Amino acid sequence: MTTSWLTELQDALGADSVLTDPDVTAGYARDAAMMAPAGTPAAVVLPRSTDDVVAVMRIATRHRVPVVPRGAGSGLAGASNAVDGAITLVMTRMDAVLVVSPADRLAVVQPGVVNKTLRDAVAGHGLFYPPDPSSYDWCTIGGNLSTNSGGLCCVKYGVTTDYVMGLEVVLADGRVLRTGRRTVKGVAGYDLPRLFVGSEGTLGVITEATLALRPAPHRPVTLAASFATTAQTGQVVERVVTSGLVPSLLEVMDNTCICAVDDLLRAELDRGAHSLLVAQSDAGGEAAAAEIEALAQICREAGADFVHSTDDPAEGDLLLQARRMALPALAAMRSGMLVDDVAVPRSRIAEFLDGCDAIASERTVIIGVTGHAGDGNMHPCISFDGADADERDRAYAAFDDILELGLGMGGTITGEHGVGSIKVDWLEREIGPVALDVHRAIKDALDPDGLLNPGKVFRRASVRDLAAVRELTGS
């Protein structure tokens, strides 16, 4: 490949930062989403600094070459999947924790820092970075920011955007935007950091983040409870919310997940249970014990078949491991798996679980549901034979059925994985045409040539073009 823009990239960043070997670039073509379409990158570029990213974006803009920002590739919506002939901009070499300030309870990091690495770096200062996606031991902060990742502790601590104080972003034309603050309060101007968080690389390339930290949590107390019916599970979740309890974690697994995890880990789980709830309190000492006992009493009153609590961290980790291994266990069942990501009102979790059972029966597919019961974010996972065309089609149909089910309950098509390329057709159904016009206007303002991550989140159409069409049609 001898295109002039490629030569310019090699001159600017060095040949070792610009990869073109098809055997190498193929490894950067897609993220962890099975059904998301992926192209073939013309080059994979690995910047080491903000200046490198600026150089890439200026060259890309000059030659009108699309750019797809990428982290570790742990995403589950195809948000970082390659585009044919484009640059895939891999941010993993920018992996420094630049500042940890205990006095200000903040950290400044580059986007390639792994979530767990940041957690470990601040733990020595008695601090805690709460967002914890299930892939926390390999996903990067940049990817977490781009998709506004959640995790198991959202019920108490919220999602990634709740910890973003400021960002450094390289815009499509190569300008560097520094926005946000290092103060606890600040309302000057629009809240631009939140605009970029969750934008999935379509508005700019995040090169630095200032993140809020919390005091380290106390030693957790953990609870596990099993139930014979969906109604019992839903009743517990509702009562936890209405009673004012705020556990640091409240997770659910259905019977399909329980059996899959037990097959994988040989953990002696209750294979006869309809569902399993796992909860933790990190309030510390007597407060944590009291919170978990109150939750245990709610479970018993709901008719739980089994309730067990422990303040032993090792035993608690084992219970939590069962929840974290749900997706790998379901993936091991068949050659294909589609991971959905639907959030519904917490009062309708039981109805949603029943609806997924009905979809599995109607489509004759295996659906295992696990998720964050405390905030209503459910992850129905469809296991299927990827080599069987008919079964694959039924699985895809079930995926859409689940999105329809969630929207019909007043929910959302994604709670934490993002829209990416697999839910583009569903975004307008959720947000409506006016909101979609606003999205496109923002995109046009910041990326007028449409070079950043094209085809992700929504299909780009110029607001000016849409206005012309409406004037002609009178709509």
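Residues numbered from 1 in each chain as written. Predicted model: local features only at pLDDT ≥ 70, side-chain atom pairs only at ≥ 80, totals over all residues. Heavy atoms only, no water.

Section: the overall build of the protein
Of the regular secondary structure elements, the protein holds 16 helices and 19 strands. The C-alpha atoms of the protein give 23 Å as radius of gyration, which agrees with the globular expectation for 475 residues (23 Å, within 12%). Overall, the C-alpha framework of the protein stretches about 70 × 55 × 50 Å when taken along its three principal axes. A total of 475 residues make up the protein; the buried ones form 53% of that total. (Helix = DSSP H or I, 4+ residues; strand = E, 2+ residues; numbered from the N terminus. Rg over C-alpha atoms; globule rule 2.2 N^0.38 Å. Buried < 20%, exposed > 50% of the residue type's maximum accessible area, 1.4 Å probe, protein only.)

Digging into the nonpolar core
Side chains that are nonpolar tend, in soluble globular proteins, to be buried together. Ranked by size, the top nonpolar core spans 55 residues in total, and within it Ile-367 and Ile-382 carry the most contacts. Not counting the four nearest positions on each side in its chain, Ile-382 is found in contact with Gly-336, Met-337, Leu-338, Val-365, Ile-366, Ile-367, Ala-395, Ala-398, Phe-399 and Ile-402. Judged by nonpolar contacts, the second largest core, of 28 residues, contains Val-164, Leu-167, Phe-196 and Leu-213. (Core = buried A, V, L, I, M, F, W, Y, C linked by side-chain atoms within 4.5 Å. Contact = heavy atoms within 4.5 Å.)

Considering the pattern of salt bridges
Where charged atoms from two side chains of opposite charge come close, those side chains can pair. Considering all chains together, one arrives at 22 salt bridges under this definition. Between Glu-8 and Arg-62 there is a salt bridge, with its nearest N and O atoms 2.6 Å apart. Remark: Arg-62 occurs in helix H3 (residues 50–63) and Glu-8 occurs in helix H1 (residues 4–13); sequence separation between them is 54 residues. By relative accessible area, Arg-62 is classed as exposed at 53%. Arg-175 is the salt-bridge partner of Asp-173, the closest N and O atoms lying 2.9 Å from each other. Assessed through its relative accessible area of 36%, Asp-173 is described here as partly exposed. A network of salt bridges, in which partner residues are shared, links Asp-262, Asp-263 and Arg-271. (Salt bridge = Lys/Arg side-chain N within 4 Å of Asp/Glu carboxyl O.)

Overview of the sheet that holds strand S5 (residues 97–101)
With respect to topology, 5 strands assemble into an open sheet ordered S5-S6-S10-S8-S9, the strand pairing being antiparallel. The two strands at the open ends of the sheet, each matched to only one other strand, are S5 and strand S9 (176–180). Between one strand axis and the next, the sheet turns through 10 degrees on average, direction left out of account. Pairing geometry for strand S6 (residues 106–109) and strand S10 (residues 205–212), over 4 bridges, is antiparallel. (Pairing = 2+ DSSP bridges. Axes fitted to C-alpha atoms, helices over the stretch in contact; angles between N-to-C directions.)

Some remarks on helix H14 (residues 389–408)
Its 20 residues place the ends of H14 29 Å apart at the C-alpha level, agreeing with the 28 Å of an ideal helix rising 1.5 Å per residue. Among the residues of H14, those classed as buried are Glu-391, Ala-395, Ala-398, Phe-399, Ile-402, Leu-403, Gly-406 and Leu-407. Looking at the buried residues of H14, the elements they touch are strand S16 (336–339), strand S17 (342–343), helix H13 (349–363), strand S18 (366–372), strand S19 (377–384) and helix H15 (424–446). Measuring from the backbone nitrogen of Asp-390 back to the side-chain oxygen at the start of H14 gives 3.0 Å, which picks out Asp-388 as the cap. Where H14 ends, the next residue or the one after it, Gly-410, has phi of about 80 degrees, a positive value. (Expected span 1.5 Å × (residues − 1). Polar contact = N/O pair within 3.5 Å; in protein donor to acceptor, adjacent residues only side chain to side chain.)

Here's the deal with the packing of aromatic side chains
Per the stated rule, a full pass over the model turns up 3 aromatic pairs. With 6.2 Å between their ring centres and 75 degrees between their planes, Tyr-129 and Tyr-163 make a pair best called edge-to-face. Taken together, the residues Tyr-129 in the loop between strand S7 (127–128) and helix H5 (141–147) and Tyr-163 in the loop between helix H6 (154–157) and strand S8 (164–170) connect sequence positions 34 residues apart. Here the two residues Tyr-129 and Tyr-163 agree in accessibility, since each one is buried. The interplanar angle of 75 degrees and the centroid separation of 6.3 Å between the aromatic rings of Phe-384 and Tyr-396 together place this pair among those described as edge-to-face. A residue pair is termed long-range when its members are at least 10 positions apart, and Phe-384 in strand S19 and Tyr-396 in helix H14 qualify at 12 residues. For Tyr-396, a relative accessible area of 27% translates into the label partly exposed. (Phe/Tyr/Trp six-rings, centres within 6.5 Å; stacked < 30°, edge-to-face > 60°.)

Comments concerning the sheet that holds strand S1 (residues 18–19)
Spatially, S1-S2-S4-S3 is the arrangement adopted by the 4 strands of the open sheet, whose pairing is mixed. Every interior strand has two partners, whereas the edge strands, S1 and strand S3 (67–70), have only one. Docked against the sheet, H3 engages strand S2 (43–45), S3 and strand S4 (87–90), running at close to 170 degrees with respect to S4.

Examining the pairing of S8
Counting buried residues in S8 gives 7 out of 7 residues, a clear majority hidden from the surface. For S8 and S10, the ladder comprises 6 bridges, and the chain directions are antiparallel. The residue of S10 that forms the bridge with Gly-166 is Thr-210. In textbook terms, the turn of a hairpin is the stretch between consecutive antiparallel strands, and for S8 and S9 this stretch comprises 5 residues, one of which, Gly-174, has a positive phi near 95 degrees.

Points about the packing of helix H8 (residues 230–242) against helix H10 (residues 285–301)
At a closest axis distance of 9 Å, the pairing of H8 and H10 adopts a crossing angle of 145 degrees. When the axes of H8 and H10 are compared, the crossing they make is right-handed. In contact with Gln-235, Val-236, Arg-239 and Val-240 of H8, H10 contributes Leu-295, Ile-298, Cys-299 and Glu-301. Among the residues forming the contact of H8 with H10, the class breakdown is 5 nonpolar, 1 polar and 2 charged. (Left-handed = near helix turned anticlockwise from the far one by under 90°. Nonpolar A, V, L, I, M, F, W, Y, C, P; charged D, E, K, R; others polar.)

Overview of the confidence of the model for the protein
Of the residues in the protein, 96% have a pLDDT of 70 or more, and the chain-wide mean is 93. Here residues 462–475 is modelled with pLDDT under 50, and outside its nearest four sequence neighbours on either side it reaches 10 contacts, counting other chains as well. (pLDDT = per-residue confidence, 0-100.)

Things to note about the pairing of S6
Where burial is concerned, the two faces of S6 agree: the one with Leu-106 and Val-108 and the one with Ala-107 and Val-109 are both buried. Note: S5 against S6, 4 bridges, orientation antiparallel. Note on S6: the bridge partner recorded for Val-100 is Ala-107. The turn linking S5 back onto S6 is made up of 4 residues, and Arg-105 within it adopts a positive phi angle of 50 degrees.

Quick notes on the state of the cysteines
The bond known as a disulfide is covalent and runs between the sulfur atoms of two cysteines. Considering all chains together, one arrives at 0 disulfides under this definition. The structure places no disulfide on Cys-154, whose sulfur is separated from the nearest cysteine sulfur, that of Cys-153, by 7.7 Å. Note on Cys-257: no disulfide assigned, nearest cysteine sulfur contributed by Cys-381 at a separation of 6.1 Å. When its relative accessible area of 0% is taken as the criterion, Cys-257 is described as buried. (Disulfide = S-S within 2.5 Å.)

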